[in-house]
Amino acid sequence: MVTLSGLSKQFGAQRVLDSVDWCIPDGARIALVGVNGSGKSTLLKILAGRLEPDRGRISLTKGTRVGYLDQEVQGVGDRTVFDEVMSAFSDLARLEQRCRQLEARLASLDPAAPGYGAVLEEYSRAREEWDARGSYDMEARARAVLNGLGFVPADLSRSCTSFSGGWQMRVALAKLLLQEPHLLLLDEPTNHLDLEARNWLEGFLSAYRHSFVLVAHDRFFLDACCAQVTEISRGKLSDYPCTYSAYLGQREERLRRQEEAYRLQQEEIARIQGFVQRFRYQASKAALVQSRLKQLSKMERIEPPEGVRTMRFRFPQPPRSGRIVVQLKGVMKSYGPKVVLANLDLTLERGRKVAIVGPNGAGKSTLLKILAGVDRPDRGERRIGQNVAISYFDQDRCASLQSEQRVIDLVTARAPISLVPQIRTLLGAFLFGGDAAYKPVWALSGGERTRLALALLLLQPANCLLLDEPTNHLDLSAKEVLLEALRAYEGTLVFVAHDRYFLDELPQEIWEVGSGAMVRYIGNYEEYLAKKALEKTSFALASAAGTKGAGVALPPQSSPTGRGSQRANRGQADPRRWAKQIEQVESAIATKEAELAALQRQVSEADFQAKTPNPETYYSRWAQLYREVEQLYHELERLEAGQGQATADSENG
């Protein structure tokens, strides 16, 4: 569908694209990856026609429509959200109007008239395009996309200019998705999306019927959406027809082979150069020396593997705090008529790693600010434990770093005197080495501001970290470094993030906020989702089965002694015996899920940790029950399959 031939682009001395040949086939799902500054955004802009290459050619199949989402929102007017998004169909409206005009002309023309055939041909083309692209449910589609991206019905009548830049970006994204271009180019589309909107976009792209190329720093998102990874490095493109996780392994193997080939060639070059230096002035060896020099000149040099610069840091191990870090008692917080926290009691204990989740506007950032003491509740109190030192990372404050100061001057001004000699080392660890340390803060990119904000966070050792979207704008390698640093951190951690990989790998418990309340779930995000799914069925099962069947022993697993013996066992089994075993297992599931639900309510009580001497035993029991329920469901599947086979054998026998 799209072909690049000999494409080159250079900025000053840096060549970001070097005689690139590349093809984007129809239906491609491509993740474009590479280190910061490698040229990902440049390539997307060239494909979108926003930037001209220095050399080379781009060929598109006739009729190909290209849509592009920039990192910075552009072109969102002062219309209402709904009107702005509906403008995505403006070309279809013009096409429909043209069809009506041509229909009227055909009705008024004599079929024998000279121009009738030309009008009929134009109408056929217009009608064919309308049938392929048009629909009569455009308003419903627009509302569905806006809902998926987090807009509520009341938002649709508001002016776009009344929203923040992040929400205006969602408007631009909705408009682009509704246009359904043949080639969709998305540059960091997840930066301003919460977890629910990311999940929706993931599903939308998975079902997208045309091609797309996207740049994103969310590993889980890339794995779910993309079937090909294209790496841009040193101006060249390398295709990997696999998921992002598989690409990482293949890339490591490629770099290992490249490093080995480079090492062997360097040894060969050194051997030849040594021969030349040794025999350069011996007449009897002149022919051999010239031969070696010619060999060197013809040798195609292998470039060394590209060194990927990454952040290198660890949070300083904090002084030990008391067992209770922060307590909230009867906290209430509202914004106008909207209550985000209602009579909340909460105890945060030392050493816990907690993720706060919930829909957009549920109060995640508000809860974090109240815990940090940055925002005061309307009612209730906040208590800080003994020897607690809190550091708070605010996503809004990070984005608002607009100082005229240079990076090094800002960090030096905020650093304790004892750390001033280590400022350059600290900045180097966050990739502000050399001239980068002297850049003005206002000129930093989003990723650079996030790195700077994290560097400032390290200036004051803290035993409680409260982080609001710390992964925003960080590339994948920087996220991995941050994840490892937080894993090794021995203090207390509460964070808000929309990166699914982060949420699966880091927290020990999840706090779900919504409708003014908060519920605690033990485990990571994946376990939280599983628990939410179980909650939907547990009470129905418990009410249907009662408490009968507690302590039921599971029937033994079938012995894997070959297909013949399995058929014999199934044939001898009475279908009624299978039904009885199934009933027993269903009763056991209901009992354990009721116990699981009761335990969940217990550990979710506001004063649970404060009044419980050893809360970890409850957490362990919860995890054990969770595993037992999973095993019971697997056993139920096995029994139902056996029942079906036994019934079939009975009918055939």
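Every value quoted in this text rests on a predicted model; they were computed, and no experiment measured them.

Next up on the list: the overall build of the protein chain. What the protein chain contains, in helices and strands, is 22 helices and 18 strands. Within the protein chain, the fraction of its 653 residues that count as buried is 45%. In the protein chain, of all internal contacts separated by at least 6 residues, the share reaching a separation of at least 24 is 70%. When the accessible area of the protein chain is evaluated, it comes to approximately 32100 Å², of which 50% is carbon and sulfur surface.

Those residues of helix H5 (residues 138-148) not exposed but buried are Met138, Arg141, Ala142, Val145, Leu146 and Gly148. Projected down its long axis, H5 shows its buried positions confined to an angular sector of 160°, all on one face. Contacts made by the buried residues of H5 are with helix H2 (81-86), helix H3 (90-108), helix H6 (165-179) and helix H7 (195-206). Phi turns positive one or two residues past the end of H5, at Gly150, with a value near 105°.

Once that is clear, we can look at the packing of aromatic side chains. Counting across every chain of the model gives 10 aromatic pairs. Ring geometry for Phe151 against Trp167: centres 5.0 Å apart, planes inclined by 75°, an arrangement best described as edge-to-face. Taken together, the positions of Phe151 in the loop between H5 and H6 and Trp167 in helix H6 put the pair 16 residues apart, joining distant regions of the chain. Taking NZ or CZ as reference, Arg219 lies 4.6 Å from the ring centre of Tyr501, over its face. Directly above the aromatic system of Phe275 lies the positively charged group of Arg292, at a separation of 4.6 Å from the ring centroid.

Let us look at the side chain of Asp504. Following the sequence through the fold, Asp504 ends up in helix H17 (residues 500-505). You can call Asp504 buried: its relative accessible area is 15%. Side-chain polar atoms of Asp504 contact the backbone nitrogen of Glu526, separated by 3.2 Å. With sequence-adjacent residues up to four places away left out, Asp504 is seen in contact with Phe220, Asn524, Tyr525 and Glu526.

Our focus in this paragraph is the pairing of strand S12 (residues 353-357). Taken across its five residues, S12 has five buried, putting it largely inside the fold. Every second residue of S12 is oriented toward a common face, with Lys353, Ala355 and Val357 on one face and Val354 and Ile356 on the other, all of them buried.

So, about unusual backbone geometry. Comment: phi is negative for the bulk of residues other than glycine, and the bulk of peptide bonds are trans. A positive phi is found at Glu188, a non-glycine position, where the angle reads about 55°. Examined against the element boundaries, Glu188 turns out to sit in the loop between strand S6 (183-187) and H7. The class for Glu188 is buried, based on a relative accessible area of 8%. Unusually for a residue other than glycine, Arg234 sits at a positive phi of about 55°.

Now for the packing of H6 against H7. The N-to-C vectors of H6 and H7 enclose an angle of 15°; their axes lie 13 Å apart at closest approach. When the axis of H6 is compared with that of H7, the two are roughly parallel. Considering the relative orientation of H6 and H7, their crossing is left-handed. Across the interface between the two elements, Arg170, Leu173 and Leu177 from H6 touch Ala197, Trp200, Leu201 and Phe204 from H7.

A few words now on the pattern of salt bridges. Using the criterion set out here, one finds 33 salt bridges in the structure. Residue Glu180 is joined to Arg209 by a salt bridge in which the shortest nitrogen-to-oxygen separation is 3.1 Å. Linking Glu180 in the loop between H6 and S6 with Arg209 in the loop between H7 and strand S7 (211-215), this pair joins segments that are 29 residues apart in sequence. Residue classification places Arg209 among the exposed positions, given a relative accessible area of 53%. The shortest N-O distance in the salt bridge between Arg520 and Glu509 comes to 3.1 Å. Of this pair, Arg520 sits in strand S18 (residues 517-522) while Glu509 sits in strand S17 (residues 509-514), and the two are 11 residues apart along the sequence. Of the two residues, Arg520 and Glu509, neither departs from the other in class, the shared state being buried. Through salt bridges with shared partners, a single network forms among Glu231, Arg251, Glu252 and Arg254.

Strand order across the open sheet formed by six strands is S5-S6-S7-S3-S8-S9, with mixed pairing between neighbours. Bordering the open sheet on either side are strand S5 (66-69) and strand S9 (236-240), each of which pairs with just one other strand. On average, each strand axis in the sheet is tilted by 20° relative to the strand beside it, whichever way the strands run. One ladder, built from four bridges, connects strand S3 (residues 29-33) with strand S8 (residues 228-233); its direction is parallel.

Moving on, we come to the sheet that holds S18. Pairing within the open sheet is mixed, and its six strands lie in the order S14-S15-S16-S12-S17-S18. The open sheet terminates on both sides in strands that have one partner only, identified here as strand S14 (390-393) and S18. Ignoring which end each strand starts from, the neighbouring axes of this sheet average 15° apart. Two elements, S12 and S17, share four bridges in a ladder whose sense is parallel. Bridging across to S17, Ala355 finds its partner in Ile510. Helix-sheet contacts for helix H11 (residues 364-372) involve S12, S14, strand S15 (464-468), strand S16 (492-496), S17 and S18, and the interaxial angle to S15 is about 150°.

Next up on the list: the pairing of strand S2 (residues 14-24). As paired strands, strand S1 (residues 2-11) and S2 are joined by seven bridges and run antiparallel to one another. The residue bridging Val2 from the neighbouring strand is Ile24, located in S2.

Counting residues in hydrophobic clusters, the biggest one holds 56 residues, and the most contacted among them are Phe151, Leu205 and Leu214. Look past the residues within four positions of Leu214 in its chain and what remains in contact with it is Ile30, Ala31, Leu32, Leu186, Leu205, Phe221, Leu222 and Cys226. Of all hydrophobic cores here, the second largest spans 50 residues; its members include Val441, Leu467, Ala497 and Phe502.

Rules behind the numbers
Residues numbered from 1 in each chain as written. Predicted model: local features only at pLDDT ≥ 70, side-chain atom pairs only at ≥ 80, totals over all residues. Heavy atoms only, no water. Helix = DSSP H or I, 4+ residues; strand = E, 2+ residues; numbered from the N terminus. Buried < 20%, exposed > 50% of the residue type's maximum accessible area, 1.4 Å probe, protein only. Contact = heavy atoms within 4.5 Å. Areas by Shrake-Rupley, 256 points an atom, 1.4 Å probe, with all protein chains shown as cover. Arc of directions from axis to C-beta. Phe/Tyr/Trp six-rings, centres within 6.5 Å; stacked < 30°, edge-to-face > 60°. Lys NZ or Arg CZ within 6 Å of the ring centre and 35° of its normal. Polar contact = N/O pair within 3.5 Å; in protein donor to acceptor, adjacent residues only side chain to side chain. Axes fitted to C-alpha atoms, helices over the stretch in contact; angles between N-to-C directions. Parallel < 35°, antiparallel > 145°, perpendicular 65-115°, else oblique. Left-handed = near helix turned anticlockwise from the far one by under 90°. Salt bridge = Lys/Arg side-chain N within 4 Å of Asp/Glu carboxyl O. Pairing = 2+ DSSP bridges. Core = buried A, V, L, I, M, F, W, Y, C linked by side-chain atoms within 4.5 Å.

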